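Residues per chain are reported as follows:
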Amino acid sequence: TNCVIMKINDKNRDFTRRELMKMLLAVFIVVAISLVYYFFMRKEARSNAERRANEALGATETMILSRLGKIETIITTMQFMVGYSLDDPDEMDSISIKTIKSSDVILGAGVAFKENFYPDKGRWFMTYASYNKNGDTIKVEHINDEDYTKEQWYLNSIGGTRGNWIDPYYDDVDGITKMVSYSLSVYDEKQSPVGVIIADVSTRTIDSILSCLHVYPDSYYTIVTASGKQIVNTPDEHKGKCHTFTRAIESKNMILSLTIPDREMYWQLYRSSMVFALLGLLELLAIIFIAHRSVRNLKELNEVSAREQRMESELSVAREMQQSLMPDALPPELSANVDVSGLLVPARYVGGDL
């Protein structure tokens with residue numbers, strides 16, 4: 001009987017082990033499917049965001065080029081006006097004033113000539129018109145005691161065929177207004193470079209474009225120069241992990257960037273992942289419940305089987321005892337004269353009396 005019970009317990013443990021392995025396999029499959037789904041959907045979300053970002057960057061670049069192109073057109077017009085008026089240095093004041101009046105984003109404009117171009121005006125001569133601190137009147141300055149020919153805007157443009165956008169800086173008047181400068185070389189009738197035109201432009205002209213563009217609710221644009229100086233700054237409230245997509249603005253020495261927070265790029269993935277995880281959890285709970293019921297039912301079945309086999313074993317012993325009551329043969333002294341035949345047929349394993 002003990003051997004029978006031990007065999008049943010071994011079978012019970014084997015079954016429990018198999019059921020546990022099945023449950024672990026099911027959990028592994030659920031987790032594997034979830035991970036594959038998550039990474040596939042994450043890649044898809046990244047691809048969609050990248051496509052939207054590239055489309056947005058292209059459209060934004062077009063708008064910026066259009067706005068900056070208007071300023072460049074104004075400065076190009078100023079270049080022709082200066083070229084036609086080289087014989088009259090006093091005309092430069094009027095040209096500079098007309099330039100800043102032609103656009104509300106041009107805060108200052110001037111023309112700087114090469115060394116000793118106008119000997120009567122001094123070794124250096126530059127005229128520059130700008131708004132005063134209150135922005136209601138225009139003042140004109142003449143710079144003839146400072147060597148501006150070593151400045152970046154002058155060196156980058158003198159003798160060049162194209163204009164140049166210079167790294168941003170803050171206005172000397174209030175130290176708050178952020179500016180970028182556009183400079184363009186001036187030529188005489190012999191096509192020899194004689195000076196440089198410069199226009200100082202408020203970055204508001206770019207801010208006004210970017211501030212109203214949102215690919216995602218909390219996405220934002222920034223613009224930096226090729227040297228890494230920011231024209232449009234990163235918002236102060238920016239927090240968390242983000243993805244940044246960049247695009248060089250053609251021939252403008254600027255790089256446009258679009259930054260998208262991860263929580264917005266992957267919000268659909270997070271939502272669907274939560275639903276999928278919930279379904280997976282319910283499935284896992286169902287598997288655990290079924291496995292638990294199976295193990296419990298098997299245990300009960302094994303207990304019943306053990307009881308039945310124990311009873312059957314005891315009845316078998318009783319049967320043997322009852323059958324052993326019948327003699328196998330007569331004693332030798334009787335066998336010669338007596339014939340005896342006996343038969344015992346119990347109704348079940350044993351007779352009722354036993």
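Per-chain numbering applies: the sequence of each chain, read as written, is numbered from 1 onward. Only residues with pLDDT of 70 or above have their local features reported here, since the model is predicted, and side-chain atom pairs are shown and tallied only from 80 upward, although totals for entire chains, interfaces and linings are computed over all residues. Excluded from the side-chain calculation are hydrogens and water; included are all heavy atoms of the structure.

Next up on the list: the overall build of the protein chain. Helix and strand labels come from DSSP, where a helix needs a run of H or I of at least four residues and a strand needs a run of E of at least two; each type is numbered from the N terminus. In terms of regular secondary structure, the protein chain is built from seven helices and ten strands. Note on exposure labels: buried denotes an accessible area under 20% of the residue type's maximum, exposed denotes more than 50%, and partly exposed covers the range between, all computed with a 1.4 Å probe on protein chains only. Across the 354 residues in the protein chain, those meeting the buried criterion constitute 35%. Sequence separation of at least 24 residues holds for 59% of the intrachain contacts in the protein chain that already meet a minimum separation of 6. Every accessible area reported is derived by Shrake-Rupley at a probe size of 1.4 Å, with residue values counting cover from the shown protein chains alone. Roughly 22100 Å² of accessible area belongs to the protein chain as shown, and the carbon and sulfur atoms make up 56% of that amount. Throughout, a residue-residue contact means that at least one pair of heavy atoms, one from each residue, lies within 4.5 Å.

The geometry of two aromatic rings is summed up by the distance between their centres and the angle between their planes. Whether two aromatic rings pair depends on their centres lying within 6.5 Å, for rings of Phe, Tyr and Trp, where Trp uses its six-membered ring; planes under 30 degrees apart make the pair stacked, over 60 edge-to-face, and the rest tilted. Counted by the stated rule, this structure contains nine aromatic pairs. For the ring pair Phe113 and Phe117, a centre distance of 5.3 Å and an interplane angle of 5° mean the geometry is stacked. Classification of Phe113 by relative accessible area gives buried; the value is 0%. On the numbers, 6.0 Å between centres and 55° between planes, the contact of Tyr148 with Tyr154 is tilted. Taken as a pair, Tyr148 and Tyr154 share a single burial class, namely buried. Cluster of aromatic residues (ring-pair linked, three or more members): Phe113, Phe117, Tyr118 and Phe125.

A separate point is the sheet that holds strand β6 (residues 193-202). Reading across from one edge, β3-β2-β1-β6-β5-β4 is the order of the six strands in this open sheet, with antiparallel pairing throughout. Lying at the two open borders of the sheet, with one neighbouring strand each, are β3 (138-143) and β4 (164-170). Strand-to-strand, the axes of this sheet are offset by a mean angle of 20°, without reference to chain direction. Here, any two strands with at least 2 DSSP bridges between them count as paired. Bridge count between β4 and strand β5 (residues 178-187): five bridges; the pairing is antiparallel. Axes, fitted as lines to C-alpha atoms, cover a helix only where it is in contact. Angles between the N-to-C directions of the axes lie from 0 to 180 degrees.

With that settled, the discussion passes to the environment of Ser192. Position of Ser192 relative to the elements: it lies in the loop between β5 and β6. Apart from residues lying up to four places away in sequence, Ser192 is in contact with Val186 and Tyr187.

A few words on the nonpolar core. Buried residues of nine kinds, namely Ala, Val, Leu, Ile, Met, Phe, Trp, Tyr and Cys, make up a nonpolar core once their side-chain atoms join them within 4.5 Å. The biggest cluster of nonpolar side chains holds 49 residues, and the ones touching the most others in it are Val82 and Ile106. Ranked by residue count, the leading element in this core is helix α1 (residues 2-84), at eleven residues. Judged by nonpolar contacts, the second largest core, of ten residues, contains Tyr128, Trp153, Ile166 and Val196.

Moving on, we get to the pairing of strand β10 (residues 254-261). Burial analysis of β10 places seven of its eight residues in the buried class, the great majority of the element. As judged from the six bridges shared by strand β7 (residues 220-225) and β10, these two strands associate in the antiparallel manner. Of the residues in β10, the one forming a bridge with Ile223 is Leu256. The pairing of strand β9 (residues 242-249) with β10 spans eight bridges and is antiparallel. What sits directly across from Thr246, in β10, is Ser257. Once β9 ends, the chain turns through four residues before running back antiparallel as β10, passing Ser251 with a positive phi of about 55°.

Pairing is antiparallel across the open sheet formed by four strands, whose spatial order is β8-β7-β10-β9. On the outer flanks of this sheet lie β8 (230-232) and β9, each paired with one strand and no other. Going from strand to strand, the sheet's axes swing by 30° on average, the running direction of each strand aside. Two strands pair when backbone bridges link them, and β7 and β8 are joined in this way by two bridges, in the antiparallel orientation. Each residue of the ladder has a partner; that of Ile223, found in β8, is Val232.

As a further point, take the pattern of salt bridges. Salt-bridge detection follows one rule: a side-chain nitrogen of Lys or Arg within 4 Å of a carboxyl oxygen of Asp or Glu. The final tally for this structure, using the stated rule, is three salt bridges. Put simply, Arg247 and Glu61 hold a salt bridge, and the shortest N to O gap is 2.6 Å. Linking Arg247 in strand β9 with Glu61 in helix α1, this pair joins segments that are 186 residues apart in sequence. For Arg247, a relative accessible area of 33% translates into the label partly exposed.

What follows deals with unusual backbone geometry. Of note, Asn116 is a non-glycine position whose phi angle comes to about 60°, a positive value. Residue placement: Asn116 occurs in the loop between β1 (106-113) and β2 (125-131). Although it is not a glycine, Gln191 sits at a positive phi angle of roughly 65°. With respect to the element layout, Gln191 can be found in the loop between β5 and β6. Residue classification places Gln191 among the exposed positions, given a relative accessible area of 57%.

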